[in-house]
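Coordinate analysis (summary)
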Amino acid sequence: MVNQDEKILSLSNLSMSYGGDPVLKWIDLDVYPGQIIGYIGPNGAGKSTTVKIMLGLVGGYNGKVEIFGQDIADGDPSYKQKIGYVPENAEIYDNLTACEYLTFTGEMYGMDPETAERKALLLLDKFEMRGVFHTKISSFSKGMKQKVLIISSLLHDPDLLFLDEPLSGLDANSVMIIKEILAQLAAEGKTIFYSSHIMEVVEKISSRIVLLADGKIVADGTFAELQAKNEEGTLEEIFNQLTGFNEHREIAKSFVSIVREGGS
Ligand SMILES: Nc1ncnc2c1ncn2[C@@H]1O[C@H](COP(=O)(O)OP(=O)(O)OP(=O)(O)O)[C@@H](O)[C@H]1O
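Please read all numbers here as calculations on a predicted model, not as lab measurements.

**Brief notes about the overall build of the chain**
Check the secondary structure of the chain and you find nine helices and 10 strands. For 264 residues, the compact-globule estimate of 2.2 N^0.38 gives 18 Å, and the C-alpha radius of gyration of the chain, at 20 Å, lies within 12% of that figure. Principal axes of the C-alpha set define a box for the chain whose edges measure 55 × 55 × 40 Å. In the chain, which comprises 264 residues, the proportion classed as buried is 32%. When contacts within the chain are restricted to residue pairs at least 6 apart in sequence, those whose partners lie at least 24 apart make up 66%.

Structure (C-alpha cells):
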C-alpha cells in the first residue's frame, strides 16, 4: 500500500553552478506518490540539470537531495533500482537488437534476463513492434527508437519515473497510449517527473506544474491554481506571462525580414 504522505523526492536548498555561473538557485521541492509533476521552463532554465542531479549523473551541487527518503550523497546507489529514466538525447546502443538492448537494460536494473526478455517482448507487442524484436535498433525510425527507450525505462516497474521530452517522434496514436499509460501508473501510486516544452500535453497530464525560470521555481501548483493566480487561459499563456515573454510577433517579423533580405 502506498503511503501518500511519504515524500518520494525532496530537494532542499538545491543550488548548482557551472564554472561559477549559477544554474540552480536554492530550489525547494517535495514530491509525493502518485503525482505527475510537469516540470517546465525556458531553454537553459536548469530542468535537465535538476533531473541529472537527482539521477546521480551530475555532482558538485549544494543543498540536499533525498529520494525515497535517502540522501543521494550518502554513496549508496541502490535507490536507482527503483527509478526509470527517458533522457532527452539518449545514447542508445543501436548495434544491439531490441531484444538485446532491453534484456541488457533490464539486467542493469537487477532483473533476471528471462523475465526482462519476456516482458520486453510483451511490451513491444503493445506497440506493434513484435516483428522487430530481433532487429538491430540502428534500422528503427525515430518513433520506434523512442518506444524502445520508453519500454526500457518501465521494464523493471520503477516507483519514480523521469521523462525528458518522452513523446519526441511519436505519432498521434502512440501519444494517446503513452498519456494513458502515465495516468494509469500514477493512479497506481507511481510518481512521474515529466519535463517537456509541449505545453498542451503538460497541461493535460500533470497533476502539478512546476515552472523553473532562471534557476528558480516561479510557479508551483495544479493547472487550475496557476490559472486562478495568473488570470490567463492556457498553460502556454501562463508560461509566457511568468517568464515575461510577449515579443514573439516582433521576433518572428524581424526573423522573416532577414530571411527575405535579397529574396524575390
Ligand atoms: N555540463 C555543463 N557544463 C557547463 N554548463 C552547462 C552544462 N550543462 C548545462 N549547462 C548550462 O546550464 C544551464 C541550464 O542547462 P539545462 O540543460 O539544465 O537547461 P534546461 O532547462 O534543461 O534547458 P532545455 O529546455 O534547453 O533542455 C544552461 O545555461 C547550460 O548551458
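**Overview of the nonpolar core**
Counting 59 residues, the largest nonpolar core has I37, L102, V148, I192, F193, Y194 and I209 as the members making the most contacts within it. With five residues, helix 4 (residues 142-154) is the single largest residue contributor to this core. Those residues within four positions of I192 in sequence are excluded, and the remaining contacts are I36, I37, L161, L163, L182, L185 and A186.

**Let's talk about the pairing of strand 1 (residues 9-18)**
By the bridge criterion, seven bridges tie strand 1 to strand 2 (residues 21-31) in an arrangement that is antiparallel. For L11, the partnering residue across the bridge sits in strand 2 and is L29. The sheet contact formed by strand 1 and strand 4 (residues 62-67) spans five bridges and is antiparallel. Following the sheet pairing, S10 is matched in strand 4 by E66.

**What to know about the sheet that holds strand 9 (residues 208-213)**
Whenever strands of a sheet pair, they do so through backbone hydrogen bonds, lying parallel or antiparallel. If you trace the six strands from one edge of the open sheet to the other, you get 6-7-8-3-9-10, paired in mixed fashion. Two strands in the sheet have a free side with no partner beyond their single neighbour: strand 6 (83-86) and strand 10 (216-221). Along the sheet, successive strands turn relative to each other by an average axial angle of 15°, direction set aside. Bridging between strand 3 (residues 36-40) and strand 9 involves four bridges; their strand directions are parallel.

**A short note on the pairing of strand 3**
Here strand 3 lies mainly inside the structure; five of its five residues are buried. Neither face of strand 3 is open: one carries I36, G38 and I40, the other I37 and Y39, and all of them are buried. Bridge analysis of strand 3 against strand 8 (residues 191-195) gives four bridges, and the strand direction is parallel. Note that in strand 8 the partner of I37 across the bridge is F193.

**Focus on helix 9 (residues 248-260)**
In this model, helix 9 (13 residues) spans 18 Å end to end at C-alpha, consistent with the 18 Å of a helix rising 1.5 Å per residue. Burial analysis of helix 9 places just zero of its 13 residues in the buried class, a small minority of the element. The first or second residue beyond helix 9 is G262, which carries a positive phi of 75°.

**Observations regarding the packing of helix 7 (residues 223-230) against helix 8 (residues 235-242)**
Contact pair helix 7 / helix 8: the axes reach a minimum separation of 10 Å and the direction vectors enclose 50°. As summarised for this structure, helix 7 and helix 8 are arranged oblique, according to the angle between their axes. As for the relative orientation of helix 7 and helix 8, their crossing is left-handed in sense. Of the residues in helix 8, those touching helix 7 at F223, L226, Q227 and N230 are L235, I238, Q241 and L242. In terms of residue class, the contact of helix 7 with helix 8 is built from five nonpolar, three polar and no charged.

**Some points on the sheet that holds strand 2**
Strand order in this open sheet of four strands is 2-1-4-5, and the pairing throughout is antiparallel. Looking at strand neighbours, the two that pair on one side only are strand 2 and strand 5 (70-71), the edges of this open sheet. Sheet strands in contact with helix 1 (residues 47-54) are strand 1, strand 2 and strand 4, and its direction is about 65° off that of strand 2.

**Observations concerning helix 1**
The α-helix winds at 3.6 residues per turn, so residues separated by three or four positions along the chain end up facing the same way. Counting buried positions over the eight residues of helix 1 gives six, a clear majority of the element. Just beyond helix 1, the residue with positive phi is G56, at close to 75°.

**Some points on the site of the ligand**
The ligand sits among Y18, V23, G41, N43, G44, A45, G46, K47, S48 and T49. Here the shell around the ligand takes three residues from helix 1, the largest share from any one element. A class-by-class count of the residues in the shell around the ligand yields three nonpolar, six polar and one charged.

**As for unusual backbone geometry**
Backbone phi values are negative for most residues with the exception of glycine, while trans is the configuration of most peptide bonds. Of note, N13 is a non-glycine position whose phi angle comes to about 55°, a positive value. Residue N13 is classed as exposed on the basis of its C-beta count, with 12 C-beta atoms lying within 10 Å. The phi dihedral of E128 falls on the positive side, at around 55°, and the residue is not glycine. Mapped onto the secondary structure, E128 falls in the loop between helix 3 (113-126) and helix 4.

Definitions and limits used
Residues numbered from 1 in each chain as written. Predicted model: local features only at pLDDT ≥ 70, side-chain atom pairs only at ≥ 80, totals over all residues. Helix = DSSP H or I, 4+ residues; strand = E, 2+ residues; numbered from the N terminus. Rg over C-alpha atoms; globule rule 2.2 N^0.38 Å. Buried ≥ 20, exposed ≤ 12 C-beta atoms within 10 Å, placed from the backbone. Contact = placed C-beta atoms within 7 Å. Core = buried A, V, L, I, M, F, W, Y, C linked by C-beta atoms within 7 Å. Pairing = 2+ DSSP bridges. Axes fitted to C-alpha atoms, helices over the stretch in contact; angles between N-to-C directions. Expected span 1.5 Å × (residues − 1). Parallel < 35°, antiparallel > 145°, perpendicular 65-115°, else oblique. Left-handed = near helix turned anticlockwise from the far one by under 90°. Nonpolar A, V, L, I, M, F, W, Y, C, P; charged D, E, K, R; others polar. Near = placed C-beta within 6 Å.

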